[in-house]
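One-letter residues, chain by chain:
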Amino acid sequence: MSQQLTDFDLYQKIVHEQDAQALRQLYQKYEKLIYSFSYKMTQDQEVAEEAIQEVFLKLWKKHAPYDQSKGKFSSWLLTMTRNTCLDALRKRNRHEAVEYIEKDTLRVTEETPADILEWKEQGSAIQDCMSSLKKEQQHIVQLFYFNGYTQQAISEETDTSLGTIKGRIRLALKHLKACLKGKGGHEDGSEM
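Residues numbered from 1 in each chain as written. Predicted model: local features only at pLDDT ≥ 70, side-chain atom pairs only at ≥ 80, totals over all residues. Heavy atoms only, no water.

(A) Looking closely at the side chain of Asp44. Residue placement: Asp44 occurs in the loop between α2 (20-42) and α3 (45-60). You can call Asp44 buried: its relative accessible area is 12%. (Helix = DSSP H or I, 4+ residues; strand = E, 2+ residues; numbered from the N terminus. Buried < 20%, exposed > 50% of the residue type's maximum accessible area, 1.4 Å probe, protein only.)

So, in structure tokens, the structure goes:
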């Protein structure tokens, strides 16, 4: 009678029952994804390892409420990871241009870095697809998703209108999505 619990079921068991086994299952499922995302963003092994601990500690202590209506669980986890990394970078004064994300931008849309990472957890496919983007798109995606810049900060740094930056990010993500699908990336059946 072994039934596979969804991420949301496991989350509920953690929040309502303090189920350590449920936490362990989510940890085993997402540890590598969170580490690779954190390391790519910070380029620091220690910060990436701390991010994993911090994210799961927040989950265990109920400091991170998840709302299914705002997006997939994995997207929410990576948003929390991104914010944890930004906090760590800020504390260590390694990156002066890091800005906090406004609360409204935490709503998960259909095109997020979590979706890109979910399609293919192995970095080689993502790197291949990233290298097929135009240079300015590569630069903007790098700044936005991995360096933690806001769209406004990218606009100011590159002396490009905010609308153009948003458009380039949107087009780059469409291209990445199509490219990753062509490389055997898969969707997990949930909406993107």
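(B) Layout of unusual backbone geometry. Of note, the phi angle at Gln18 is positive, near 50°, even though the residue is not glycine. Residue position: Gln18 is located in the loop between α1 (7-17) and α2. Residue Gln18 is classed as partly exposed on the basis of its relative accessible area, which comes to 36%. Positive phi, normally seen in glycine, also occurs at Asp159, with a value near 55°. Along the chain, the position of Asp159 falls in the loop between α8 (151-158) and α9 (162-182).

(C) Geometry of the packing of aromatic side chains. This model, assessed by the stated rule, comprises eleven aromatic pairs. Centre to centre, the rings of Tyr11 and Phe73 are 6.1 Å apart; their planes meet at 55°, and the pair counts as tilted. With Tyr11 in helix α1 and Phe73 in helix α4 (residues 73-91), the pair connects residues that are 62 residues apart, well separated along the chain. Ring geometry for Tyr35 against Tyr39: centres 6.1 Å apart, planes inclined by 15°, an arrangement best described as stacked. Pair noted here: Tyr35 and Tyr39 are both in helix α2, with a separation of four residues, about one helical turn. You can call Tyr35 partly exposed: its relative accessible area is 26%. Here a set of aromatic residues connected by ring pairs shows up, and it is made of Phe8, Tyr11, Tyr30, Tyr66, Phe73 and Trp76. Residue placement shows Arg82 over the ring face of Phe144; its charged tip is 5.4 Å from the ring centre. (Phe/Tyr/Trp six-rings, centres within 6.5 Å; stacked < 30°, edge-to-face > 60°. Lys NZ or Arg CZ within 6 Å of the ring centre and 35° of its normal.)

(D) Structural context of α2. Its 23 residues place the ends of α2 only 29 Å apart at the C-alpha level, less than the 33 Å of an ideal helix rising 1.5 Å per residue. The sharpest bend along α2 measures roughly 50° and falls at Tyr30. Buried residues of α2: Ala22, Leu23, Leu26, Tyr30, Leu33, Ile34, Phe37, Ser38, Met41 and Thr42, and no others. Where α2 starts, the residue carrying a side-chain oxygen 2.9 Å from the main-chain nitrogen of Gln21 turns out to be Asp19. (Expected span 1.5 Å × (residues − 1). Bend = angle between axes of the 7 residues up to and from the residue. Polar contact = N/O pair within 3.5 Å; in protein donor to acceptor, adjacent residues only side chain to side chain.)

(E) Inspection of the confidence of the model for the protein at higher detail. Across the protein, the average pLDDT comes to 76, with 75% of residues at 70 or higher. Every residue in residues 94-111 scores below 50 in pLDDT, and together they form 34 contacts with partners more than four places removed in sequence or on other chains. Scored below 50 in pLDDT, residues 186-192 makes 15 contacts in the model with residues more than four places away or belonging to other chains. (pLDDT = per-residue confidence, 0-100. Contact = heavy atoms within 4.5 Å.)

(F) Up close: the pattern of salt bridges. Summed over all chains, the structure comprises three salt bridges. The salt bridge partner of Asp7 is Lys29, with a shortest N-O separation of 3.0 Å. Placement of Asp7 in helix α1 and of Lys29 in helix α2 is noted, with a sequence separation of 22 residues between them. Looking at Asp7, the relative accessible area reads 13%, which means it is buried. Two residues, Asp19 and Lys13, come together in a salt bridge whose shortest N-O distance is 3.6 Å. Connected through salt bridges with shared partners, the residues Lys13, Glu17 and Asp19 form a single ionic network. (Salt bridge = Lys/Arg side-chain N within 4 Å of Asp/Glu carboxyl O.)

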